[in-house]
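Architecture and fold: a report
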Amino acid sequence: MTCDVKLDLGAHLTQKVAAGRKLVVPYMTCGLPTPDEFVSTYQRLSEYADAIEVGMAFSDPVMDGPVIQEASARALEFGMTVAGCFEAIALARRSSGVPAVVMTYFNLIHSRGLERFADEARSAGVSGLIVPDLPYEECSQFRSVLSERSMALIQLVAPTTSAQRASMLAASSAGWVY
């Protein structure tokens, strides 16, 4: 399933900020509250959101804390898969002008292959990715793959990140800096 809605995440959000708006970017786990309700929930959130971060269910999301860990476990129990997530996003994006940004772990990307994962994400209408376990020093190849498809790789900056490293991460990030 594909989505013909393509969107430049950075330009979309920059336009909103330039108009003096604060951005609203809610998070939801793909497949919740149920796989069937995910699409309608995304569409309802689209009425208020500037982008929607969609968590791709993963079997061991230890970096995400107990709430997202539980949400991932429930989505997996419902049978959510990478392909199922892309299908749900494509359905949601067909009637929504709000960009989807997928948060996932590199294992899911690596096991499908960088190009295949990026192609599937783009076909679903995904505008960017957040990959918290992919260090900056190891992301250049994937960043290039995404860039070729006009997709953003959003870098994460922790409160303890040095100013020098934060500047480097911000310069290499597209869409926004997390």
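Residues numbered from 1 in each chain as written. Predicted model: local features only at pLDDT ≥ 70, side-chain atom pairs only at ≥ 80, totals over all residues. Heavy atoms only, no water.

It is worth spelling out the confidence of the model for the protein chain at this point. Scored by pLDDT, the protein chain comes out at a mean of 87, with 90% of its residues at no less than 70. When pLDDT is averaged over each element of the protein chain, helix α6 (residues 114-124) comes out on top at 97 and helix α1 (residues 9-18) at the bottom at 72. (pLDDT = per-residue confidence, 0-100. Helix = DSSP H or I, 4+ residues; strand = E, 2+ residues; numbered from the N terminus.)

Attention now goes to α6. Among the residues of α6, those classed as buried are L114, F117, A118, A121, R122 and A124. For α6, the angular spread of buried residues about the axis comes to 160 degrees, placing them on one side. Where α6 ends, the next residue or the one after it, G125, has phi of about 95 degrees, a positive value. (Buried < 20%, exposed > 50% of the residue type's maximum accessible area, 1.4 Å probe, protein only. Arc of directions from axis to C-beta.)

Next up on the list: the nonpolar core. Counting residues in each nonpolar core, the largest one holds 43 residues, and the members touching the most others are F38, I89 and F142. Considering each element in turn, this core owes the most residues, seven residues, to helix α4 (residues 82-94). Not counting residues up to four positions away in its chain, the partners in contact with F142 are I109, L114, F117, L129, V131, L134 and L153. In terms of nonpolar packing, the next biggest core, distinct from the first, is built from eight residues, A51, V101, M103 and I154 among them. (Core = buried A, V, L, I, M, F, W, Y, C linked by side-chain atoms within 4.5 Å. Contact = heavy atoms within 4.5 Å.)

Turning our eyes to something else, we now look at the packing of aromatic side chains. The relation between two aromatic rings is expressed through the spacing of the ring centres and the mutual angle of the planes. The tally for this structure, following the rule as stated, stands at four aromatic pairs. Judged by centre distance (5.2 Å) and plane angle (70 degrees), the rings of F86 and F117 are edge-to-face. Placement of the pair is F86 in helix α4 and F117 in helix α6, with a sequence separation of 31 residues. The same class applies to F86 as to F117, namely buried. Where F106 meets F142, the ring centres are 6.4 Å apart and the plane angle is 75 degrees; that geometry is what we call edge-to-face. With F106 in helix α5 (residues 106-112) and F142 in helix α7 (residues 140-148), this residue pair connects regions lying 36 residues apart in the sequence. The class for F106 is partly exposed, based on a relative accessible area of 22%. (Phe/Tyr/Trp six-rings, centres within 6.5 Å; stacked < 30°, edge-to-face > 60°.)

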